[in-house]
Amino acid sequence: MARDPTRWDIVCRVVDNYGDAGVAFRLARMLAIEHGERVTLWIDDPVPLARIAPGVDPLAAASTVDGVTVRRGPAAGTPFEPGDVVIDAFGAGLPDGWVDAMARAARPPVWIVLEYLTAEPWADGAHRRASPEPRTGLARWYWCPGFTAATGGLLREAGLFARRDAFRRDPAARKATLASVGAEVSPDARVALLFCYPTPALPPLLDAWADGDDPVVALVPQGVAVDAIDRWAGGRVPHPGEPYVRGSLALASIPFVAQAGFDELLWSCDLAIVRGEDSFVRAQWATIPFAWHAYPQADGAHHAKVAAFLDRHLAGAPTGPAAAVRRFTEALNQGDGPGLAAAWPPFDRARAGLADHRRAWAETLASRPELAAGLVEFARGRL
Ligand code: TRH
């Protein structure tokens, strides 16, 4: 018997950047498209989302994109009729009025707090932990994304690897993708996506690329590390279609692509500097050489996150290449420009030697329960 779609409310408060919106929207799309759920994504600032999900109208009270209803919220004054599942993305919290409505419901929704992704060991023990909301006693659970079988896994769309491999078998697809962002690339150039946070380490890396023997085309999404690039280019910043060239480096400013096409951008690159949470995971699914720029935290807590990830990701990898990735990634996250420039040649040389390890890593992660499917199973078990 066909089951009525379960009604999900995903609540997202944008801290900054694009990842809060990016992760919440990716989850919402998967629940709607792959699981046939009825999904409303409540987002307090729809502008970042509109930049990566073109169908979202940031000025409208509601938009429907890929089967997801996107609405502005949560706001205390916004009436809320709870459905079957509430996902509090990244623990931003719900307005008291919303929690009261949930407590009054004949069947209170399954309430899940989706945590930020971390490779740190504590996520294993925190995953699926119950933590009733103190004021109402409403049941509430914590869902920890992660890289182990004891966590809630990672978002991965059905058929992603098959699409990736088909893309890779078709040179015209890469050519078309790079052309679509205005990037002209010679066959011998390394294409590097540069999606990092502002960092003093960037100019020395750009110098290393410019002074190197091999041509590098760095694709910089508009708005990324603008000041550092502005200073490095002496004010002659690149614009879409007008790369700034110095030595072996062509710095190409590219427009943001829709999230649905972000994977194709990664698959077209020879390496990527990715950041935060979502692009970080997508680079791993792409199995391209990458360095992760963790979201900087004032207390330096992100360094432990980087170390925990590198320990897991590089376990079992060939020693030399693994050390090169570790050194490059650590220098990037420490803002150590000279260290990053010095670590670039070994990182570049290590790319080929780690190809099998990157593929095995992605396959291992993909062999575990997928995050959206895990949430659906957990929620259904409690409805
Ligand atoms: O933008 P971010 O730095 O977001 C960060 C992280 O989510 C971090 O965990 C959070 O604490 C902080 O925000 C507040 O990096 P992230 O996570 O990679 O999100 C970027 C999103 O933008 C991702 O979904 C990919 C998408 N994107 C596109 O769709 N098109 C593009 O052209 C680019 C460059 C990104």
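This text goes with the structure placed above it.
Note that the structure is a prediction, hence the values are computed from the model and not measured. (Residues numbered from 1 in each chain as written. Predicted model: local features only at pLDDT ≥ 70, side-chain atom pairs only at ≥ 80, totals over all residues. Heavy atoms only, no water.)

Enquirer: In this structure, what is going on with the site of the ligand? I would like to understand it.
Expert: Of all residues adjacent to the ligand, which total 23 residues, the nearest are Tyr197, Val257, Arg275, Asp278 and Ser279. Within the backbone of Val257, a nitrogen or oxygen atom sits 2.7 Å from a nitrogen atom of the ligand. Here the ligand has 710 Å² of accessible area as a free molecule, and 98% of this is covered by the chains. It is helix H1 (residues 19-33) that provides the largest number of residues to the shell around the ligand, a total of three residues. Split by residue class, the shell around the ligand holds twelve nonpolar, six polar and five charged. No fewer than three residues from each of domain 1 (7-153) and domain 2 (160-366) sit in the shell around the ligand. (Near = heavy atom within 4 Å. Polar contact = N/O pair within 3.5 Å; in protein donor to acceptor, adjacent residues only side chain to side chain. Areas by Shrake-Rupley, 256 points an atom, 1.4 Å probe, with all protein chains shown as cover. Helix = DSSP H or I, 4+ residues; strand = E, 2+ residues; numbered from the N terminus. Nonpolar A, V, L, I, M, F, W, Y, C, P; charged D, E, K, R; others polar. Domains from an automatic or database assignment.)

Enquirer: Please explain the pattern of salt bridges as it appears in this structure.
Expert: Two side chains carrying opposite charge are able to pair once their charged atoms lie near each other. Going through the model one piece at a time under the given rule, you end up with 20 salt bridges. Residue Arg135 is joined to Asp96 by a salt bridge in which the shortest nitrogen-to-oxygen separation is 3.6 Å. Of this pair, Arg135 sits in the loop between helix H4 (122-126) and strand E7 (141-143) while Asp96 sits in helix H3 (residues 96-104), placing them 39 residues apart in sequence. Two residues, Arg282 and Glu157, come together in a salt bridge whose shortest N-O distance is 2.6 Å. Of the two residues, Arg282 is situated in helix H10 (residues 278-286) and Glu157 in the loop between E7 and helix H5 (160-168); the sequence distance between them amounts to 125 residues. Like Arg282, the residue Glu157 is buried in the burial classification. Salt bridges here are not isolated pairs; linked through shared partners, they connect Arg26, Glu157, Asp263, Asp278 and Arg282. (Salt bridge = Lys/Arg side-chain N within 4 Å of Asp/Glu carboxyl O. Buried < 20%, exposed > 50% of the residue type's maximum accessible area, 1.4 Å probe, protein only.)

Enquirer: Help me out: how do you make sense of the sheet that holds strand E2 (residues 38-43) in this one?
Expert: By way of backbone hydrogen bonds, the strands of a sheet pair with one another, either parallel or antiparallel. The mixed open sheet is built from seven strands, whose spatial order is E3-E4-E2-E1-E5-E6-E7. In the strand order of this sheet, the two ends are held by strand E3 (62-65) and E7, each with one partner. Strand-to-strand twist in this sheet, taken as the mean axis angle between neighbours without regard to direction, amounts to 25°. Of the pairings in the sheet, the one linking strand E6 (residues 110-114) to E7 comprises three bridges and is parallel in character. (Pairing = 2+ DSSP bridges. Axes fitted to C-alpha atoms, helices over the stretch in contact; angles between N-to-C directions.)

Enquirer: What exactly am I supposed to notice about the side chain of Asp20 here?
Expert: Examined against the element boundaries, Asp20 turns out to sit in helix H1. Of the side chains with opposite charge, Arg275 lies nearest to the buried Asp20, which makes no salt bridge, at 9.7 Å. Among the polar contacts made by the side chain of Asp20, one reaches the side chain of Tyr116 at a distance of 3.2 Å. (Lys, Arg positive; Asp, Glu negative; His and termini not counted.)

Enquirer: Sorry if this is basic, but what is going on with the sheet that holds strand E10 (residues 244-246) here?
Expert: Read across the open sheet, the six strands follow the order E10-E11-E9-E8-E12-E13; overall the sheet is mixed. Edge positions in the open sheet fall to E10 and strand E13 (290-293), since each of these has one partner strand only. When strand polarity is set aside, the average angle formed by the axes of neighbouring strands in this sheet is 15°. Packing against the sheet, H10 makes contact with strand E12 (271-275) and E13, and its axis sits at approximately 150° to E12. (Contact = heavy atoms within 4.5 Å.)

Enquirer: What am I meant to see in the nonpolar core here?
Expert: Across soluble globular proteins, nonpolar side chains show a tendency to be buried alongside one another. Leu27, Leu49, Leu193, Trp209 and Leu219 are the most contacted members of the largest nonpolar core, which totals 125 residues. With nine residues, H1 is the largest single contributor of residues to this core. Split by domain, this core shows at least three residues from each of two domains, domain 1 (7-153) and domain 2 (160-366). Discounting chain neighbours no more than four positions away, the residues touching Leu27 are Ile10, Ile87, Leu114, Leu155, Leu371, Ala372 and Leu375. Core analysis: the second largest hydrophobic core is formed by twelve residues, Val11, Val99, Leu138 and Tyr142 among them. (Core = buried A, V, L, I, M, F, W, Y, C linked by side-chain atoms within 4.5 Å.)

Enquirer: Just to check I follow, could you spell out the packing of aromatic side chains for this structure?
Expert: Any two aromatic rings considered together are summarised by their centre-to-centre distance and by the angle between their planes. Considering all chains together, one arrives at 26 aromatic pairs under this definition. Between Phe147 and Phe280 the ring centres are 6.0 Å apart and the planes differ by 65°, which places this aromatic pair in the edge-to-face class. Of the two residues, Phe147 is situated in the loop between E7 and H5 and Phe280 in helix H10; the sequence distance between them amounts to 133 residues. You can call Phe280 buried: its relative accessible area is 2%. Joined through ring pairs, the aromatic side chains of Phe147, Phe280, Phe290, Trp292, Phe309 and Trp361 make up one cluster. If you follow Arg129 out to its NZ or CZ, it ends over the ring of Tyr142, 5.0 Å from the centre. Over the ring of Trp232 we find Arg246, and its NZ or CZ is 4.0 Å from the ring centre. (Phe/Tyr/Trp six-rings, centres within 6.5 Å; stacked < 30°, edge-to-face > 60°. Lys NZ or Arg CZ within 6 Å of the ring centre and 35° of its normal.)

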